[in-house]
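Here's the letter readout for the chains.
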Amino acid sequence: MRELLLPKFNNNDEGCVLVGWTVDDGAAVSADAVVAEVETAKALEELVADADGVLHRLVEAGAHCAFGRPVGLLFDSRQERDDYLASPAAAAVTTAPGGQGQGEDHDGGPDPVLSDAARTLAQDHGIRTEQLRALGKRVVKASDVQRLIDQGLTDQGLMDQGLTDQGAAAVAAGASAASEDAAVVRLSARQRAVAAVVSEAHRTIPAAFAAIAVDLTAFRAARGGAPYGLVELLVKAIAARHADFPLFFATPGADHTLTLAPAANVGVTVDVGTGLFIPVLKDAARRPIGDLTDDLMDFRVSALRQNFREDAFADEAITLSLHNEPDIILAAPIVHPGRTCVVTLCAERSEVALAEDGTPFTRPVTTVAVTYDHRYLNGRDAVRFLTAVKQDLETADAIARLAG
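Described in the following lines is the structure provided in the data block. (Residues numbered from 1 in each chain as written. Predicted model: local features only at pLDDT ≥ 70, side-chain atom pairs only at ≥ 80, totals over all residues. Heavy atoms only, no water.)

1. A closer look at the overall build of the protein
Looking only at helices and strands, the protein has 13 helices and 21 strands in total. Buried positions account for 44% of the 404 residues belonging to the protein. Partitioning the intrachain contacts of the protein with sequence separation of at least 6 by distance along the chain shows that 63% fall at a separation of at least 24. (Helix = DSSP H or I, 4+ residues; strand = E, 2+ residues; numbered from the N terminus. Buried < 20%, exposed > 50% of the residue type's maximum accessible area, 1.4 Å probe, protein only. Contact = heavy atoms within 4.5 Å.)

Following this line, the structure appears as structure tokens:
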């Protein structure tokens, strides 16, 4: 027998809500199988079994669970589980309750359990208990609350529609019960986690955007057969601007404060078809470009196998979002909560230009852009940052310095 422990999904929370089990109690599961869904303050996560076995649940759906604590047991066989259940040890184990926030019964039914993220979202937007209860769900997630918000079921939205409390509850119940004849597609847990982050970013971050064209002629000439590419060189160029533009590498805090990053740790998006990951190239300004190339290759392999180390995502200071698939000329990704900006690299392309004598010629170019939180960074800062990066990528001496 081994314990199924709840891993620490992030450094901001002490625990999370176990939204629901995806396999039956007493079912046989295989290693790496998803057995439950949990919701932290920021995202919906999947809990996977770390070994083959027969599952025995220790907590119920809706329970608030602490990171590092067992939520289930894995037995080698059903007989071993049966023997355990018949033993005094099983009688001494108390199943965890439905969790904090579970209310008492009312005429309209029991209050649902809300995850921390759902509770915060409901409070911020004036979603009432009656509306949440009318959803008919025991556990309400942030995505459920966001659906009510999108349908105008906030206090202000209801006032605009002239709905009473009873009318609001009826609308919420109707929103929960889609037509049985309609085809319904359920988003994957990973995509629901993306949805939660995107919704939070658009709700809380006033983003602005700037882009600049970069001539790649010098890069093409200088690279030759060197074992690095434009992504690695851009990482070095971004990291080299850490001292000059510290707020681009900062973490927003309370009361309009920013915590400056001690090192240029650059998170790079990796998507090989198994989901979006943002592992971090640590201390990119100081490390040789060859080391960054090796790390990026390791990241892609880990993304394919989905076996990243826990520390691969730690201490990110700035994000580089890769949109360099062929023909992509511009992209404006979201600024992730906890960051002040995200830099974007688009595809390489050919562009017709004019020489000084008016003769047309073609040159290789790309677009480098920055989406930034306008509360902390201004347009002038964004232009200066992009211009500095552009100069490093277009100048042979700067390329040699960054790649050396």
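From this point, the narrative continues.
2. Concerning the pattern of salt bridges
In the structure shown here, the tally under the stated rule is 15 salt bridges. Across the salt bridge formed by Arg363 and Glu351, the nearest N and O atoms sit 2.8 Å from each other. Of this pair, Arg363 sits in strand 21 (residues 360-373) while Glu351 sits in strand 20 (residues 349-354), and the two are twelve residues apart along the sequence. Salt bridges here are not isolated pairs; linked through shared partners, they connect Arg241, Asp244, Asp392 and Arg401. (Salt bridge = Lys/Arg side-chain N within 4 Å of Asp/Glu carboxyl O.)

3. So, the side chain of Glu232
Within the secondary structure, Glu232 sits in helix 10 (residues 230-239). Here Glu232 occupies a buried position and makes no salt bridge, while the nearest side chain of opposite charge, Arg300, is found at 5.4 Å. Polar contacts involving the side chain of Glu232 include one to the main-chain amide nitrogen of Gly229, which spans 3.0 Å. Here Thr293 takes part through its side chain, which lies 3.4 Å from a polar atom of the side chain of Glu232. Those residues in contact with Glu232 that lie beyond four places of it in its chain are Ile289, Leu292, Thr293 and Leu296. (Lys, Arg positive; Asp, Glu negative; His and termini not counted. Polar contact = N/O pair within 3.5 Å; in protein donor to acceptor, adjacent residues only side chain to side chain.)

4. What to know about helix 10
The buried fraction of helix 10 is high, at ten of ten residues. Of the residues making up helix 10, those classed as buried are Leu230, Val231, Glu232, Leu233, Leu234, Val235, Lys236, Ala237, Ile238 and Ala239.

5. Brief notes about the nonpolar core
If you look at the biggest cluster of nonpolar residues, it comprises 54 residues, and the most contacted ones within it are Phe248, Ile318, Leu320, Val368, Val370 and Phe385. Broken down by element, this core gets its largest block of residues, eight residues, from helix 10. Discounting chain neighbours no more than four positions away, the residues touching Val368 are Ala211, Ile212, Val214, Leu234, Val343, Thr344, Leu345, Leu386 and Leu393. Of all hydrophobic cores here, the second largest spans 18 residues; its members include Cys16, Ala49, Phe67 and Val71. (Core = buried A, V, L, I, M, F, W, Y, C linked by side-chain atoms within 4.5 Å.)

6. Regarding the side chain of Asp373
Mapped onto the elements of the fold, Asp373 is located in strand 21. Side chain to side chain, Asp373 and Arg375 meet in a polar contact 2.6 Å long. If we skip the residues at most four places from it in the chain, Asp373 touches Ile205, Pro206, Val335 and Thr340.

7. Concerning the environment of Ala210
In this fold, Ala210 is placed in strand 11 (residues 207-215). The exposure class of Ala210 is buried, given its relative accessible area of 15%. Along the backbone, Ala210 and Tyr372 are 162 residues apart, and their C-alpha atoms lie at a distance of 8.5 Å. Setting aside residues no more than four positions away along its own chain, Ala210 makes contact with Ala369, Val370, Tyr372, Ala382 and Leu386.

8. Concerning empty space enclosed by the protein
What the rule picks out here adds up to one cavity of 30 Å³ or more. For the largest cavity, the calculated volume is near 40 Å³. Around the largest cavity, the lining residues are Glu39, Leu44, Ser143, Arg192 and Ala196. In terms of residue class, the lining of the largest cavity is built from two nonpolar, one polar and two charged. (1 Å grid on protein atoms, 1.4 Å probe; cavity = no way out; pocket = protein on both sides within 12 Å on 5 of 7 lines; lining within 4 Å. Points joined across faces, edges and corners; volume = space filled by probe spheres on them. Nonpolar A, V, L, I, M, F, W, Y, C, P; charged D, E, K, R; others polar.)

That is the geometry; function is a separate question.
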